[in-house]
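Given next are the chains, with one letter for each unit.
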Amino acid sequence: MALPGWTVYLLCIALICGGVYICRVFKCARKSAWKNSRIAKLMARTEKPLFWIAYSLYTRTRLGYIFHKRQMRKARERFPAGHSRTQPTIINGIKIIPVPILSDNYSYVVIDTASNMAVVVDPADPQPVQACLEEEGVALQAVLCTHKHWDHSGGNRALKRRYRSCRVYGNAMDNIPGLTHPLSDKDTIEFGTRLHFRAFYTPGHTVGHMIYLLDGRAIGGPSSLFSGDLVFLSGCGRMFEGNASTMLSSLDTVGSLNDETLLWPGHEYAEDNLMFAAEVEPCNVVREQKLQWVLQQRGQRLCTCPSTLAEEKQYNPFLRSHSQDLHQALGLQQKQDEDWTSYRARVLEELRRRKDIYKDR
C-alpha cells in the first residue's frame, strides 16, 4: 500500500472528525512512518497518532474507498495503458498475466487455457482486470484477495456483480470487501483439475494478510507465489498491524517454500528495494547483478516480476535475517540471553526501520 497520497488527504478529514472516534483510534496507535511532506516526516519521527487516525479512516470507513476511487481515476489518466509493460508467463498451459493498476500495483489473472477458467489475485481496479478477462475470453471463477487495503481489494465487489458466480476468498479477520469464502491457514482451493492453490496465513502487514501458492505439481512446473504486500522483489511490506516477531514468522513461511517457486508481488518496487539493499549489503554480488537487470527493465517501463525464491534468498535482506554479513552491516550482535528467533526479529525490526528512513529521503 502506498502511503504518501492518502495519509495527507485523510488527515485533513481526520482533523474535523469527532473527539470520541479519535480517542478510540488513539488506543490502536502503533509505530510507523510515512514519507514526502515535512509534516508527514515530522509525525513519523515523533510517532504522532495522526497517522493512525488516517490509517483507521482508510481501512475502516467508506472514506478510504472514496479516496481509492479518486486514485483509480488519476492513475487511469496518467497511465492509460498501465504503469508498466507486461508479458504473460505460460507454464504448461497455465497463463499468468500481470495487470498493472494504479501507480505501481499489480493484479494477476491466472488462466487454465485448457478449460478457460480464470482466477484473479488482488483486483484493485476492476476496469483493466475485466478488460483482460474479456480479451482472453475466459470465465472468472474467483477472486483471491491477499488483504483488505483498497489498493488490493477495491475491485472485489464490482467483479462479483459482473460475474455472478464469482467467489471472493480471503481472511475474515481482514474485513475483505465482498468476501464470500473465508480462509484459514493452509486451506486449499481448487478450480478444475489444474488450478490448485494453498492459502497461507501471513499476518504483519495487516492482521489477516494471506498469500496464495499455485501448486506446480498439478501442472508439471514450478509453483507460483502471489505474495500481496508480504514480500516484494528484494523487499517486504510495512508492519502496520503486527510486530517484528509476527512478520518474521510470516517471512519464514515464504522462506520455507521451494527455491524454484516464482514470486509474483503486489507492487513494482524492485528498483527502490534493490537500491536500499545496496546500502545494507554493498558487497552482495548477486544483488548488484539483479539491480543492473532491473535498471534495464525499468528504463523501458518493463515489469520486473517474477523472480524466484532462490534469487530472493540471495539478495532480499528481509529474507536474510540469519545472515552474519547482514548482522555486521547493521552493527548488531546477539545478546547473551537472547534466543536466535528473537535476535532475528530484532534484525528484521532494524531493517524495516532503516527502510522507512530510506524511503523518507
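Structure: see above.
What you are looking at is a predicted structure, and each value in this text was computed from that prediction instead of being measured.

This part takes up the sheet that holds strand S14 (residues 262-265). With mixed pairing, the six strands of this open sheet are ordered in space as S8-S9-S10-S11-S14-S15. Each of the sheet's edge strands pairs with one partner strand only, and the pair in question is strand S8 (188-191) and strand S15 (307-308).

We now examine the environment of Lys313. Along the polypeptide, Lys313 turns up in helix H12 (residues 309-315). Sequence separation between Lys313 and Ser234 is 79 residues, and the spatial gap between their C-alpha atoms is 8.8 Å. In contact with Lys313, not counting residues within four places along its chain, are Gly255, Leu257, Asp259 and Arg320. A polar atom in the side chain of Lys313 sits 3.0 Å from the backbone oxygen of Gly255. At a separation of 2.5 Å, a polar atom in the side chain of Lys313 contacts the side chain of Asp259.

Let us look at the pattern of salt bridges. Overall, the coordinates contain 20 salt bridges when judged by the stated rule. With its nearest N and O atoms 3.1 Å apart, the salt bridge here joins Glu136 to Lys95. Linking Glu136 in helix H6 (residues 126-136) with Lys95 in strand S2 (residues 94-101), this pair joins segments that are 41 residues apart in sequence. According to the relative accessible area criterion, Glu136 is partly exposed, its value standing at 29%. On the basis of relative accessible area, Lys95 is assigned to the buried category, the value being 16%. One salt bridge in this structure joins Glu281 and Arg320, with 2.9 Å as the shortest N-O distance.

Glancing now at helix H11 (residues 285-299). Think of an α-helix as 3.6 residues a turn; residues three or four steps apart then line up on the same face. Between its terminal C-alpha atoms H11 stretches 21 Å, which fits the 21 Å expected from 15 residues at 1.5 Å a residue. Contacts made by the buried residues of H11 are with helix H10 (270-280), S15 and H12. Where H11 begins, the side chain of Asn284 points an oxygen toward the backbone nitrogen of Val286, at a separation of 3.2 Å. Immediately downstream of H11, the backbone of Arg301 shows phi near 60 degrees, a positive value.

Reading across from one edge, S1-S2-S3-S4-S5-S6-S7 is the order of the seven strands in this open sheet, with mixed pairing throughout. Each end of this open sheet is capped by a strand with a single partner; those strands are strand S1 (89-91) and strand S7 (181-182). Where strand S3 (residues 105-112) meets strand S4 (residues 117-121), five bridges bridge the pair, whose relative direction is antiparallel. Each residue of the ladder has a partner; that of Ile111, found in S4, is Ala118. The sheet contacts of H6 involve S2, S3, S4 and strand S5 (139-144), and relative to S2 the element is tilted by about 150 degrees.

One finds Leu251 and Leu351 to be the most contacted residues of the largest nonpolar core, which totals 29 residues. For this core, the secondary-structure elements that each account for two or more residues are strand S10 (210-214), helix H9 (244-255), H10, helix H13 (324-330) and helix H14 (340-359). With six residues, H14 is the single largest residue contributor to this core. Not counting chain neighbours up to four residues away, the residues in contact with Leu251 comprise Leu230, Val231, Cys236, Phe318, Leu319 and Leu348. If you look at the next biggest cluster of nonpolar residues, it comprises 26 residues, including Ile91, Leu195, Met210 and Phe226.

Reading the values: rules and limits
Residues numbered from 1 in each chain as written. Predicted model: local features only at pLDDT ≥ 70, side-chain atom pairs only at ≥ 80, totals over all residues. Heavy atoms only, no water. Pairing = 2+ DSSP bridges. Helix = DSSP H or I, 4+ residues; strand = E, 2+ residues; numbered from the N terminus. Contact = heavy atoms within 4.5 Å. Polar contact = N/O pair within 3.5 Å; in protein donor to acceptor, adjacent residues only side chain to side chain. Salt bridge = Lys/Arg side-chain N within 4 Å of Asp/Glu carboxyl O. Buried < 20%, exposed > 50% of the residue type's maximum accessible area, 1.4 Å probe, protein only. Expected span 1.5 Å × (residues − 1). Axes fitted to C-alpha atoms, helices over the stretch in contact; angles between N-to-C directions. Core = buried A, V, L, I, M, F, W, Y, C linked by side-chain atoms within 4.5 Å.

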